[in-house]
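Structural description and commentary
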Amino acid sequence: MYSLDVIVPFFNEELYLEKSISNLLNANIHSKIYLVNNNSTDNSKNIALKFAESREDITYIETDERKGKGVAIQTAINSLQSTHTIIHDADLEYDPKDIIYMKQVSEKMNNSLILGSRFIGTRDRKSQYLRTYLANRFISLFFSIINNQKISDVATCYKLVPNKYLKEMNITESGFAVEVEIISKYLKFPNPDIQEAPISYQGRTYAQGKKISYYDGIEYLYKSIYYKIKKMSM
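Note that this is a predicted model, so its numbers are computed, not measured.

**Topic: the packing of aromatic side chains**
- Following the criterion strictly, the structure yields eight aromatic pairs and no others.
- Residues Tyr94 and Tyr158 carry aromatic rings whose centres are separated by 5.0 Å and whose planes lie at 45° to one another, so their mutual orientation is tilted. Taken together, the positions of Tyr94 in the loop between strand E4 (84-87) and helix H4 (97-108) and Tyr158 in the loop between helix H5 (130-147) and strand E7 (159-162) put the pair 64 residues apart, joining distant regions of the chain.
- For Tyr158, a relative accessible area of 0% puts it in the buried group.
- Here Tyr226 and Tyr227 contribute two aromatic rings whose centre-to-centre distance is 4.9 Å and whose plane-to-plane angle is 80°, an arrangement assigned as edge-to-face.

Have a look at this one:
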């Protein structure tokens, strides 16, 4: 029986977290939601705990002292009980309504990795920085070439992964490079199949809390090569 868990990593997202979780609940696509607090110092923890204490389908988790999105994902993996999992960032850049279609695709192709792409199809999209848009396109092209696998949006947050693969990946990246790690390691399994689905996107500014940096873009490129040549350890 198909089921979908959602991992929501967050760090200091008190301005957006409540709305982000509410949007996710309204999409009604989950079996369980895991709110993973990665060392927040604002009111994010209390917001997350309020949801977790009032609903049986929401679990609150705290990471250790290590920081980064990858750490949050690693921390939640052992708790997953569904057949599939999707990652949903706690800001409002992504719309959980898009997960509805991604889930439909996944139900028909349940061994596939489903990526939500901000660069295919027609959806409501707004990127605050041209340099970020161009960097994402270049990184995706670079990854596609070295892996001989056409992917339009490697850095997308929305990755819907079969748990039988996710739990065997031995995720090690602490930061945003986990995006590259997940796709790279999935491609090392027998008969990998990646499907992309168009999604909407409302990028925020650094003043609004955007956290990814120029350094992360460089690391995406390096890790694309690193995981291409590295054997996967289970």
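Structure's up, so let's keep going.
**A look at the pairing of strand E5 (residues 113-117)**
- In terms of residue burial, E5 counts as a mostly covered element, since five of its five residues are buried.
- Going residue by residue along E5, you find Leu113, Leu115 and Ser117 tucked away on one face and Ile114 and Gly116 tucked away on the opposite face as well.
- Of the pairings in the sheet, the one linking E5 to strand E8 (residues 194-198) comprises five bridges and is parallel in character. Bridge pairing in E8 links Leu113 to Ile194.
- The sheet contact formed by E5 and E7 spans two bridges and is antiparallel. Its bridge partner being in E7, Ile114 is matched across the sheet by Leu160.

Parameters at a glance
- Residues numbered from 1 in each chain as written.
- Predicted model: local features only at pLDDT ≥ 70, side-chain atom pairs only at ≥ 80, totals over all residues.
- Heavy atoms only, no water.
- Phe/Tyr/Trp six-rings, centres within 6.5 Å; stacked < 30°, edge-to-face > 60°.
- Helix = DSSP H or I, 4+ residues; strand = E, 2+ residues; numbered from the N terminus.
- Buried < 20%, exposed > 50% of the residue type's maximum accessible area, 1.4 Å probe, protein only.
- Pairing = 2+ DSSP bridges.

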